[in-house]
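Fold and contact review
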Amino acid sequence: MPSQPISKVLLVEDDLVFQETFARVFAKMAGDWEIQAFQDGASALDALSQPHAQFKLALIDIGLPDITGIEVIAAARLRFAELPILVTTAFTAEETFLSAIRAGASGYLLKGDTEAALGHSIELVLQGQYPVSPALARHLFRLAGAPNATTLTNSLNLSPRELELLQFIAKGCSYATCADVMNISLSTVQTHIRNMYRKLEVSNQRQAITKAQSSGLLKF
């Protein structure tokens, strides 16, 4: 039986403690992972420029000792158009968050997240989703554009709160994350979901998102 191919991870992180944290996270994940860790941006850029460079995933800190991680994100996205890129940082400022997303980041994680949460986020981004730490999800919603008061009378009869929830879900947020950032209970989220399905005459998230997009209520 042939052995599994090695999946290479580009880790750009100057804090050795967090390098060790990610080593433990990948040790618990399925598959054979090889972490190539760099403590500064210049070394990471050099690795990205190598002719035979190939990575399954990139984890990039923002606060590097030489250049900003935003530059490394942009270089990684330029070299590998489909590479999942996760920001791993202590920076929570909205402008930093938006700069990382615009540079090509696929997700944005905070270093205060648990190892289990980090592992789950890595699995999500490898599946093509866009994980964001719950504390930063409001930035993501602002980036997408909040619904204004006129949406209360939209043709689909969704309330502003229901539209807000649907926008979060369309961006890949879980029900638990939605409850956290909207400051409501999980049962209230589930009630909103049922009401949306009834109003939209759909039976699942994908159908709800598609119908809202076709009506112009969700824009990406």
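Coordinates for the structure precede this section.
Since we're looking at a predicted model, the values are computed, not measured.

1. Describing the sheet that holds strand β3 (residues 57-60)
- The parallel open sheet is built from 5 strands, whose spatial order is β2-β1-β3-β4-β5. For this open sheet the edge positions go to β2 (32-38) and β5 (107-110), each flanked by a neighbour on one side alone. Averaged over all neighbouring strand pairs, the angle between strand axes comes to 20°, with direction disregarded.
- Direction of pairing for strand β1 (residues 6-12) relative to β3: parallel, over a ladder of 4 bridges. Counted as the bridge partner of Leu10 is Ala58 from β3.

2. Thoughts on the pairing of strand β4 (residues 85-89)
- Counted residue by residue, β4 has 5 buried out of 5 residues, so it is predominantly covered.
- Neither face of β4 is left uncovered, since the one carrying Ile85, Val87 and Thr89 and the one carrying Leu86 and Thr88 both have all their residues buried.
- Inspection of the sheet shows β3 paired to β4 by 3 bridges, in the parallel sense. Within β4, the residue paired with Ile60 across the bridge is Val87.
- For the handedness criterion, the β-α-β arrangement of β3, helix α3 (residues 69-79) and β4 is classed as right-handed.
- The parallel pair β4 and β5 is bridged by helix α4 (residues 94-103), and the resulting crossover is right-handed.

3. Looking at the packing of helix α7 (residues 160-170) against helix α10 (residues 205-214)
- Orientation of α7 relative to α10, taken along the N-to-C sense of each, is 110°, at an axis distance of 10 Å. Taken together, the axis directions place α7 and α10 in an arrangement best described as roughly perpendicular. By crossing handedness, the relation of α7 to α10 is classed as left-handed. On the side of α7, the interface is formed by Leu166, Ile169 and Ala170, while α10 contributes Gln205, Ala208, Ile209 and Ala212.

4. Details of helix α8 (residues 175-182)
- Along α8, the residues that are buried comprise Thr177, Cys178, Ala179, Val181 and Met182.
- Asn183 sits one or two residues past α8 and shows a positive phi near 60°.

5. Re the pairing of β2
- Pairing between β1 and β2: 7 bridges, direction parallel. From the neighbouring strand, Ile6 faces β2, where its bridge partner is Asp32.
- A crossover connection joins β1 to the parallel β2 through helix α1 (residues 16-27); in handedness this β-α-β unit is right-handed.

Cut-offs applied
- Residues numbered from 1 in each chain as written.
- Predicted model: local features only at pLDDT ≥ 70, side-chain atom pairs only at ≥ 80, totals over all residues.
- Heavy atoms only, no water.
- Pairing = 2+ DSSP bridges.
- Helix = DSSP H or I, 4+ residues; strand = E, 2+ residues; numbered from the N terminus.
- Axes fitted to C-alpha atoms, helices over the stretch in contact; angles between N-to-C directions.
- Buried < 20%, exposed > 50% of the residue type's maximum accessible area, 1.4 Å probe, protein only.
- Right-handed = clockwise from strand over helix to strand, strands pointing away.
- Parallel < 35°, antiparallel > 145°, perpendicular 65-115°, else oblique.
- Left-handed = near helix turned anticlockwise from the far one by under 90°.
- Contact = heavy atoms within 4.5 Å.

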